[in-house]
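Results of the structural survey
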Amino acid sequence: MDCNCFDPLLPADELLMKYQYISDFFIAVAYFSIPIELVYFVQKSAVFPYRWVLVQFGAFIVLCGATHLINLWTSTPHTRTVAMVMTTAKFSTAAVSCATAVMLVHIIPDLLSVKTRELFLKNKAAELDREMGLIRTQEETGRYVRMLTHEIRSTLDRHTILKTTLVELGRALQLEECALWMPTRTGVELQLSYTLHHQNPVGFTVPIQLPVINQVFSANCAVKISPNSAVARLRPTRKYIPGEVVAVRVPLLHLSNFQTNDWPELSPKSYALMVLMLPSNSARQWHVHELELVDVVADQVAVALSHAAILEESMRARDLLIEQNVALDLARREAETAVRARNDFLGVMNHEMRTPMHAVVALSSLLQESELIPEQRLMVETILKSSNLLATLINDVLDLSRLEDGSLQLDVGTFNLHALFREVLNLIKPVAAVKKLFVTLSLSSDFPEVAIGDEKRLMQILLNVVGNAVKFSEEGSVSVSAVNAKSESLIDPRAPEFFPVQSENHFYLRVQVKDTGSGINPQDFPKLFCKFAQNQEPATKNSAGTGLGLAICKRFVNLMEGHIWIESEGVGKGSTAIFIVKLGIPGRLNESKLPFTAGLPANHMQMTFQGLKVLVMDDNGFSRMVTKSLLVHLGCDVTTIGSGDECLRILTREHKVLIMDASITGMNCYDVAVSVHEKFGKRLERPLIVALTGNTDQVTKENCLRVGMDGVILKPVSIDKMRSVLSGLLEHGTVL
């Protein structure tokens, strides 16, 4: 059975439906016109703050209009009651919507005029505010800059200056954010270094070639930039309008930008970038006096940073200087320790080597005065001369420090030049005979026989040079020639620093030693006079190096105001050593300028010291026996002891001389000397005190004389030297 749920439509109902269609159409037209009017209003009102509300309201109306428009095609038959209600509602809605649309047409111009007046008043207020700001700019800016400058310059720490600047600017200008971008070490990026509220990650970088950065760096004042630029995107994302942003450059000065003549260097400048942001969602704008304040603060920050940079550089320089001073002090202490260790070593070696040399020289001199056949006497004399020369060599080698620090002085005296050359030749000939070398000596006719100078040093130079010639020659000959050098033969272009000056009181001795030995590579010439120098291509197994010989010779020659050099045509072609020294002419020099040397009386060789009571104190039994032998040979009554305590017990007024070794253990010789002075109050009652030492340093001699000793004897001691010492003591009361 069919059922019809709706009442049959009447002709009147069809009329109602038509009225609904008409109402829906007008409602849709009204709904669509209202958003158009609102869009027009929004566009004309640039300062309207609630645009998003209008957008939502317009969307709602558009949707309602679309709904009614669509309803024209989706209407279905309804009951009469419902149709009446819908018709009434739609008709009322259509009337209200159309009235609203018509009303808005009249209201919008009024609203726009209100907004226009409001904007006009706001602009006027802004102009008045700017004028008032301009009036207060000078006083306010000056007062605030003084305050801010005081805050900035209260410290010279770079980080404190920058942080204080951001805080004070943020407080004074009521900023939402303030940031400082610093250039990186490479200079191609800017790095976010400081922010006001710590809301952004410090360390974020942007390229320095961005247009906005170039714009700010090229301007001399603060510049407004876009809130959306890379250096201004520091605030969290919000739905409000961002405030205005300005940026200003801050010059960064370093020590390289300053010179003593007050003009900066022409070096590329570097800048930091300061970005200042007003609060978001506000109509506040930057005023002229605020921008001027920012410019002044940027300049003050640049000055403060320059002072801080100078201070930091000064602090770094001070720290570097302190480190260098510490390193120098450490090096100085290490050098002093090394010098002390070297001096201690040389002192010990000096004493230990001179003690056996003392025995050799003393016993050889005693043997020389005994009954000997001519051959034995010649051998003993050779031993004695060689021993004395060896003692001199030991003294020179162990006192190399005196050569290096310039404290070595020449022992100037009168000596026989001919005898010196013959003695050197006699010492060299036995060695040359073993190698079957032919050694010759040639002295010029005008060669002086007697000269004034240091005989031992000159002999050492000759022995070293001739000895090297014999050492590096396996066959052939060695020739030694000596001449009185003339002016034309003294000039050597290889030694421009050598300026010989001829005078009537001096002459220059030129010695040439030529050999047929292994020769020298020209590349090794600069190293010949260096200590322990090694040749690059040794020609023989014996030519490994020069040791200390030539180095000491060069220093001795320099002390004698001379010059030494070596010539050679190459390996295997022999070599020639040449040296020039300045010597005095006897009888022409002022004798007062020469060092005083005590001469022996003519009868000293025949003098004896029969019955002279002498006390010898030495803890070395062997050395004690040698010294006693010398004194007994001279006729002395000798008593030997081994310690200072025993010396003070045995020593009496009958002992005329006390000879004690300066290096005894236990109670040292200085304490013994002081105790002897205390034991014997009067000068004539106490014995004469002489120190026997192997140390050649001046400190030992000064210490001995300081405690009241009457003289110092240097080991080794020969019979003649001991005779001279005793003679000086008995005649003058001191060792001259």
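Parameters at a glance
Residues numbered from 1 in each chain as written. Predicted model: local features only at pLDDT ≥ 70, side-chain atom pairs only at ≥ 80, totals over all residues. Heavy atoms only, no water. Helix = DSSP H or I, 4+ residues; strand = E, 2+ residues; numbered from the N terminus. Buried < 20%, exposed > 50% of the residue type's maximum accessible area, 1.4 Å probe, protein only. Contact = heavy atoms within 4.5 Å. Areas by Shrake-Rupley, 256 points an atom, 1.4 Å probe, with all protein chains shown as cover. Pairing = 2+ DSSP bridges. Axes fitted to C-alpha atoms, helices over the stretch in contact; angles between N-to-C directions. UniProt positions renumbered as here; feature names shortened; annotations may be inferred. Salt bridge = Lys/Arg side-chain N within 4 Å of Asp/Glu carboxyl O.

So, on to the overall build of the protein chain. The secondary structure content of the protein chain amounts to 16 helices and 18 strands. Residues counted as buried form 41% of the 736 residues belonging to the protein chain. Within the protein chain, contacts between residues at least 6 apart in sequence are counted, and of these 71% link residues at least 24 apart. Summed over its atoms, the accessible surface of the protein chain is roughly 40,900 Å², and 60% of this surface lies on carbon and sulfur atoms.

So, about the sheet that holds strand 1 (residues 177-183). Spatially, the six strands line up as an open sheet ordered 3-2-1-6-5-4, and their pairing is antiparallel. In this open sheet, the two edge strands, each paired with only one partner strand, are strand 3 (205-207) and strand 4 (223-225). Each adjacent strand pair in this sheet contributes to an overall mean axis angle of 35°, direction not counted. Across eight bridges, strand 5 (residues 245-252) lies against strand 6 (residues 270-277) in antiparallel orientation. Residue pairing in the sheet places L252 in a bridge with S270 of strand 6.

Feature annotation in UniProt assigns "binding site: Cu cation" (unreviewed entry) to the following positions: C64 and H68. Secondary-structure assignment places C64 in helix 2 (residues 51-74).

A few words now on the environment of K122. With respect to the helices, strands and loops of the structure, K122 is situated in helix 3 (residues 80-153). A C-alpha to C-alpha distance of 10.0 Å links K122 and A283, two positions 161 residues apart in sequence.

Looking now at the pattern of salt bridges. Evaluation of the coordinates by the stated rule reveals 13 salt bridges. As a salt-bridge pair, E474 and K435 come within 3.8 Å of each other at their nearest N and O atoms. Taken as a pair, E474 in the loop between helix 10 (455-471) and strand 10 (477-485) and K435 in the loop between helix 9 (417-434) and strand 8 (438-443) lie far apart in primary sequence, 39 residues in all. Accessibility expressed as a relative area gives 22% for K435, which makes it partly exposed. The residue D454 makes a salt bridge to R457 at a minimum N-O spacing of 3.4 Å. R457 shares its class with D454; the two are buried. Through salt bridges with shared partners, a single network forms among D329, R332, R333 and E336.

With that settled, the discussion passes to unusual backbone geometry. The omega torsion across K715 and P716 is 0°, close enough to zero to call that bond cis. Structurally, P716 is set in the loop between strand 18 (711-714) and helix 16 (719-732). We note that Q174 has phi near 55°; this positive angle belongs to a residue other than glycine. According to the relative accessible area criterion, Q174 is exposed, its value standing at 56%. Despite not being glycine, K436 has its phi angle at roughly 60°, a positive value. Within the element layout of this structure, K436 appears in the loop between helix 9 and strand 8.

Of all 10 residues in strand 13 (residues 575-584), 10 are buried; the element is thus mostly enclosed. Because side chains alternate across strand 13, one face comprises the buried residues S575, A577, F579, V581 and L583, and the other comprises T576, I578, I580, K582 and G584, equally buried. Across 10 bridges, the pairing between strand 11 (residues 506-515) and strand 13 is antiparallel. Bridge pairing in strand 13 places K514 opposite T576. In the sheet, strand 12 (residues 563-567) pairs with strand 13 via five bridges, with the strands oriented antiparallel. The partner of W565 across the bridge, within strand 13, is I578.

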